[in-house]
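Reading the structure
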Amino acid sequence: MSTILVTGGAGTLGRQVVDRLRTDQHNVRVLSRSSQPYAVDLRDDDSRGLDEALKGVDVIVHCATTARGGDDRAAAHLIEAAVRAGTAHLVYISIVGVDRLPLGYYRTKRIAERMIEDSGLGWTILRTTQFHDLVLRILTGATKLPVAVLPTGVSLQPIASSEVATRLAALAAGPPAGRVPDLGGPEVRTLPDLARAYMRSTGHERRLLTVPLFGRAYAGYRRGYQLTPERAVGKETFEEFLATRKR
Ligand SMILES: NC(=O)c1ccc[n+]([C@@H]2O[C@H](COP(=O)([O-])OP(=O)(O)OC[C@H]3O[C@@H](n4cnc5c(N)ncnc54)[C@H](OP(=O)(O)O)[C@@H]3O)[C@@H](O)[C@H]2O)c1
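Residues numbered from 1 in each chain as written. Predicted model: local features only at pLDDT ≥ 70, side-chain atom pairs only at ≥ 80, totals over all residues. Heavy atoms only, no water.

1. Some thoughts on the site of the ligand
Rule in force here: Throughout, near means a residue has at least one heavy atom within 4 Å of the molecule or strand. Residues adjacent in sequence count toward polar contacts only when both atoms are side-chain atoms; beyond that, a polar contact is any pair of N or O atoms within 3.5 Å, and within protein one must be able to donate a hydrogen and the other to accept it. Residue-level accessible areas treat just the shown protein chains as cover; the underlying method is Shrake-Rupley with a 1.4 Å probe. A run of H or I in DSSP counts as a helix once it spans at least four residues, and a run of E counts as a strand once it spans at least two, with each numbered from the N terminus. Three classes are used: nonpolar for Ala, Val, Leu, Ile, Met, Phe, Trp, Tyr, Cys and Pro, charged for Asp, Glu, Lys and Arg, and polar for all others, with Gly counted as polar.
Around the ligand sit 26 residues, and of these R33, S34, Y105, K109 and F131 come closest. For the ligand, an oxygen atom lies 2.8 Å from a polar atom in the backbone of L13. Separating a nitrogen atom of the ligand from a side-chain N or O atom of R43 is a distance of 3.3 Å. Relative to its unbound accessible area of 900 Å², the ligand is 86% covered by the protein chains. Listed by contribution, the elements that provide at least two residues to the shell around the ligand are β4 (89-95) and α4 (104-117). Among the elements that make up the shell around the ligand, the one with the highest residue count is β4 (three residues). Considering only residue class, the shell around the ligand consists of 11 nonpolar, 11 polar and four charged.

2. Some details on helix α3 (residues 71-85)
How we decide: An expected span of 1.5 Å times one less than the residue number is assigned to each helix. Exposure classes here rest on a 1.4 Å probe applied to the protein chains alone. A residue is buried below 20% of its type maximum, exposed above 50%, and partly exposed in between.
In this model, α3 (15 residues) spans 21 Å end to end at C-alpha, consistent with the 21 Å of a helix rising 1.5 Å per residue. Within α3 the residues assigned to the buried category are D71, A74, A75, A76, H77, L78, I79, A81 and A82. Residue G86 follows α3 closely and has a positive phi angle near 75 degrees.

3. Some thoughts on the pairing of strand β5 (residues 122-128)
The line we're drawing: Being paired, for any two strands, means DSSP has found at least two bridges between them. A crossover counts as right-handed when, viewed with the strands pointing away from the observer, the path leading from the first strand over the helix to the second turns clockwise.
When you tally the buried positions in β5, you get seven out of seven residues, the bulk of the element. As paired strands, β4 and β5 are joined by seven bridges and run parallel to one another. Considered in β5, the bridge of I93 is made with L126. On the question of chirality, the crossover connecting β4 to the parallel β5 by way of α4 is right-handed. Both β5 and strand β8 (residues 178-179) contribute to a ladder of two bridges, which runs parallel. Residue pairing across strands places I125 opposite R179, the latter belonging to β8.

4. Description of the sheet that holds strand β2 (residues 27-31)
Cut-off, in case you're wondering: Contact between two residues is taken to exist if any of their heavy atoms lie within 4.5 Å; hydrogens are not considered. Orientation is described by lines fitted to C-alpha atoms, with helices fitted over the stretch in contact, and by angles between N-to-C directions that extend from 0 to 180 degrees.
Reading across the sheet, the six strands line up as β2-β1-β3-β4-β5-β8 and stay open at both edges, with parallel pairing between neighbours. If you trace the sheet from one side to the other, it starts and ends with β2 and β8, each paired once. In the sheet, strand β1 (residues 3-7) pairs with β2 via five bridges, with the strands oriented parallel. Across the sheet, V6 pairs through a bridge with V30, a residue of β2. The strands touched by α4 are β4 and β5; relative to β4, the strand with the most contacts, the crossing angle is about 155 degrees. Sheet strands touched by helix α6 (residues 161-173): β1, β3 (59-62), β4 and β5. Its angle to β4, the strand with the most contacts, is close to 155 degrees.

Structural data, given as structure tokens:
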């Protein structure tokens, strides 16, 4: 049994990692801005709360993220504290394509990856494709109006966050493994195809309109930098995920 700190352990992915680790009898601590007794904003320069949270911790699973920015600063603080505490293993969840798609959020995640690789800590990094939960959020937003507008020529390979959580929990229970093989969902599907699956499940019919976008990020998406078809090892399809949400 190890003592494992899960940052972002109250989020979509983190809470499932916490559940699996607790089921496997590990001693688990949850850290996020709102999780007592380890309520810490990882972007803060004051390290007292973080140092306290890391006392006696064997493994960190770093799932915390702030979409509005600062994940690189958060990672820097976490790494410094882990080095001070002598933590044996830091496991990080990243995204397929962070090194190729020019998006600000991805840039901070790639910086975090590099800092972890150079930290001197034992480390494991897993990159995955988009979670079904995120694709559902995107499509819910896109289909609010009578005409759903989607970018032309973009495909995704969504994966169940539950499967990612299972893999991360297994990695956290093992020795540092470095960069492990990417994890992709079972199917590469165009956005309109995913939107039609979503509309079938909700009964909300919308007209779909695809429009070409401009810019390097869009070009990267069209080239499929966000995909890993050779690692389509996830099992749950988007339709199966949508069906579980209806139960
Ligand atoms: N969503 C995807 O499709 C996808 C795909 C591949 C990889 N990932 C990666 O998986 C990880 C988890 O994503 P998710 O979708 O589960 O995120 P999420 O649901 O937004 O959860 C984020 C968690 O981080 C905590 N948090 C946010 N800012 C923090 C801060 N400054 N200090 C400490 N804790 C903070 C949040 O709790 P509080 O609000 O209480 O602080 C929450 O528990 C991220 O690294 C993401 O890049 C996501």
